[in-house]
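Here is what each chain is made of, one letter per residue.
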Amino acid sequence: MAVTHEQLAGAARAALGGGRRLEAVERVAGGSKKGVYRLVMDDATTAIAYIWDDSENYWPSAEGDDDLTDPFSHGLGLGLFEAAHARLAALCVRVPAIRLVGRAGTHCAADLAIVDDVPGENLEELLARDPRAAAPVMAELGEALELMRRHRAPAYGKVAVVDEGRRSRGTSCEGVVLERALRDLAEAAARDTRIACERDRLRERLLGLASAVRPRTEFAVVHGELGPDHVLVDADGRPVLIDIEGSMYFDVEWEHAFLRIRLGDAYGPLAAGGLDEDRLALYTLAQRLSLTAGPLRLLDGDFPDRAAMAGIAEYNLTKALEFART
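Rules of the game
Residues numbered from 1 in each chain as written. Predicted model: local features only at pLDDT ≥ 70, side-chain atom pairs only at ≥ 80, totals over all residues. Heavy atoms only, no water. Helix = DSSP H or I, 4+ residues; strand = E, 2+ residues; numbered from the N terminus. Rg over C-alpha atoms; globule rule 2.2 N^0.38 Å. Buried < 20%, exposed > 50% of the residue type's maximum accessible area, 1.4 Å probe, protein only. Contact = heavy atoms within 4.5 Å. Areas by Shrake-Rupley, 256 points an atom, 1.4 Å probe, with all protein chains shown as cover. Lys, Arg positive; Asp, Glu negative; His and termini not counted. Charge placed at Lys NZ, Arg CZ, Asp CG, Glu CD. Pairing = 2+ DSSP bridges. Axes fitted to C-alpha atoms, helices over the stretch in contact; angles between N-to-C directions. Polar contact = N/O pair within 3.5 Å; in protein donor to acceptor, adjacent residues only side chain to side chain. Expected span 1.5 Å × (residues − 1). Arc of directions from axis to C-beta. Core = buried A, V, L, I, M, F, W, Y, C linked by side-chain atoms within 4.5 Å. Phe/Tyr/Trp six-rings, centres within 6.5 Å; stacked < 30°, edge-to-face > 60°. Lys NZ or Arg CZ within 6 Å of the ring centre and 35° of its normal. Salt bridge = Lys/Arg side-chain N within 4 Å of Asp/Glu carboxyl O.

Points about the overall build of the protein
A tally of regular secondary structure across the protein gives 11 helices and 11 strands. Relative to a compact globule of 326 residues, whose C-alpha radius of gyration would be 20 Å, the protein shows 20 Å and is just as compact. In the protein, which comprises 326 residues, the proportion classed as buried is 50%. A separation of at least 24 residues holds for 67% of the contacts in the protein among residues at least 6 apart in sequence. Total accessible area on the protein stands at roughly 14,800 Å², and carbon and sulfur atoms take up 49% of it. Of the charged side chains in the protein, 39 are positive and 53 negative; the average position of the first set lies 3 Å away from that of the second.

What follows is the structure, given as structure tokens:
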């Protein structure tokens, strides 16, 4: 851990007050770009600490990681978190309340945020355990997605970039997606011979899908990686979005392509009318390639849950190959 117990104790006192004492620090599973820890106080109050430090980031470094004008560069850092949190909260989309933010050097050497804890299961776990109980959660999540869809911006890119009036790289969402997909294809082909053998076919499929997409001049708010593991279910059975740093203004089809992939047959309650099928097709193949190349890249490092990550890569690799052959 990049932060000492003493440093977290000071931050916890500043965040939660009331004379509480930090009793325990528990790592929360799942984080690959930042440290996520549950802070347990001596009166059983809990909170969650996010720590953005290189030692907490399992992803191997790559050129352009810190280029925030690239909508798909790694969503790292307190600034991105604060901007995304402010935008989503303003839209009445539920996110954990912020109790404290600390720039590097304030409480510790890394950027830090402490937010409300939402104990219990996430949507992925609830869907697996009791799909009927998950129905009202899915319905409210669909309402949140509609709120995000209705908010329009004249430019695409990370929320922090667009809201500050800066310009993102590229000329269109589909162009940025195509560029990234071709890069993911090259990386996947370098790591797996099955992709290498179909590289030309996959490239032609991407180019053909991209050529069918018509220009667009307005963009919605999207989470970017809204899998069911990024939706917590609170004590009242309401959805709470987490891992929001990658939120951006973009084509809403990007969000729905990802939701379709992650939720499968459970996606139905979140389906939205009026989506552009050409964009969905391009973005689905692009995400299959991303969910192949990304996990394979992560496995180059020391990410602990290797079997799960390898399974994600294998499943999406198979789906990408199926897509290319249709």
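A closer look at the sheet that holds strand E2 (residues 35-41)
Read from one edge to the other, the open sheet built from five strands follows the order E1-E2-E3-E5-E4, with strand pairing classed as antiparallel. Where the open sheet ends on each side, the last strands, each with one partner, are strand E1 (22-27) and strand E4 (98-102). Taken over all neighbouring pairs, the strand axes of this sheet differ in orientation by 20 degrees on average, direction set aside. Pairing geometry for E2 and strand E3 (residues 46-52), over six bridges, is antiparallel. Counterpart to Arg 38 in the pairing with E3 is Ile 48. Most of the contacts of helix H1 (residues 5-16) go to E1, to which it runs at about 110 degrees, and overall it touches E1, E2, E3, E4 and strand E5 (111-116).

A look at unusual backbone geometry
A positive phi angle, close to 75 degrees, is found at Ala 44, a residue other than glycine. Take Ala 44: it is sitting in the loop between E2 and E3. Residue Ala 44 is classed as exposed on the basis of its relative accessible area of 59%. Its identity as a non-glycine residue notwithstanding, Cys 92 has a phi of 65 degrees, on the positive side. Relative to the helices and strands, Cys 92 is located in the loop between helix H2 (78-90) and E4.

Overview of the side chain of Asp 251
The topology assignment puts Asp 251 in the loop between strand E11 (248-250) and helix H9 (252-263). Note on Asp 251: relative accessible area 1%, which makes it buried. A distance of 3.0 Å separates the side chain of Asp 251 from the side chain of Arg 216, its partner in a polar contact. At 2.5 Å, the side chain of Asp 251 and the side chain of Tyr 283 are in polar contact.

Overview of helix H11 (residues 306-325)
The end-to-end C-alpha distance of H11, which contains 20 residues, comes to 29 Å, matching closely the 28 Å that a straight helix rising 1.5 Å per residue would cover. For H11, the set of buried residues is Met 309, Ala 313, Asn 316, Leu 317, Ala 320, Leu 321, Phe 323 and Ala 324. In an axial view of H11, the angular spread of the buried residues amounts to 155 degrees, which keeps them on one side of the axis. Summarising the geometry of H11, the exposed residues directed more than 90 degrees from the buried face are Ala 307 and Arg 325.

Here we look at the nonpolar core
Judged by nonpolar contacts, the single largest core of 81 residues is most densely connected at Tyr 50 and Phe 250. Counting residues per element, this core draws most heavily on helix H6 (residues 173-191), which supplies eight residues. Core analysis: the next-biggest nonpolar cluster, separate from the first, contains 19 residues, Val 3, Ala 47, Leu 112 and Ile 114 among them.

Considerations on H1
Spanning 12 residues, H1 covers 16 Å between terminal C-alpha atoms, matching the ideal 16 Å at 1.5 Å per step. On the buried face of H1, the contacting elements are E1, E2, E3, E4 and E5. Gly 17 sits one or two residues past H1 and shows a positive phi near 60 degrees.

A few points about the packing of aromatic side chains
For the structure on display, the rule yields 10 aromatic pairs. With 6.1 Å between their ring centres and 65 degrees between their planes, Tyr 50 and Trp 52 make a pair best called edge-to-face. Accessibility expressed as a relative area gives 9% for Trp 52, which makes it buried. Each ring, one from Trp 52 and one from Phe 81, has its centre 5.6 Å from the other, and the planes form 45 degrees; the classification is tilted. Here the residue Trp 52 occupies a position in strand E3, and Phe 81 occupies one in helix H2, the gap between them amounting to 29 residues. Three or more aromatic residues joined by ring pairs make a cluster, and in this case those are Phe 72, Tyr 156, Phe 219, Phe 250, Trp 254 and Tyr 283. Lying across the ring of Phe 72, Arg 180 places its NZ or CZ 4.5 Å from the centre.

Section: the pattern of salt bridges
Taken as a whole, this structure holds 34 salt bridges when the rule is applied. Glu 164 is the salt-bridge partner of Arg 166, the closest N and O atoms lying 3.0 Å from each other. In this structure Arg 166 comes out as partly exposed when scored by relative accessible area, which is 37%. Glu 164 sits in the exposed class, given a relative accessible area of 56%.

Quick look at the sheet that holds strand E7 (residues 157-158)
The strands that make up a sheet pair up through hydrogen bonds in the backbone, lying either parallel or antiparallel. If you trace the four strands from one edge of the open sheet to the other, you get E6-E8-E11-E7, paired in antiparallel fashion. Every other strand in the sheet has two partners, leaving strand E6 (152-153) and E7 as the edge strands with one partner each. Direction of pairing for strand E8 (residues 219-222) relative to E11: antiparallel, over a ladder of three bridges. Each residue of the ladder has a partner; that of Val 222, found in E11, is Met 248.

Interpretation in functional terms is not warranted from these geometric data alone.
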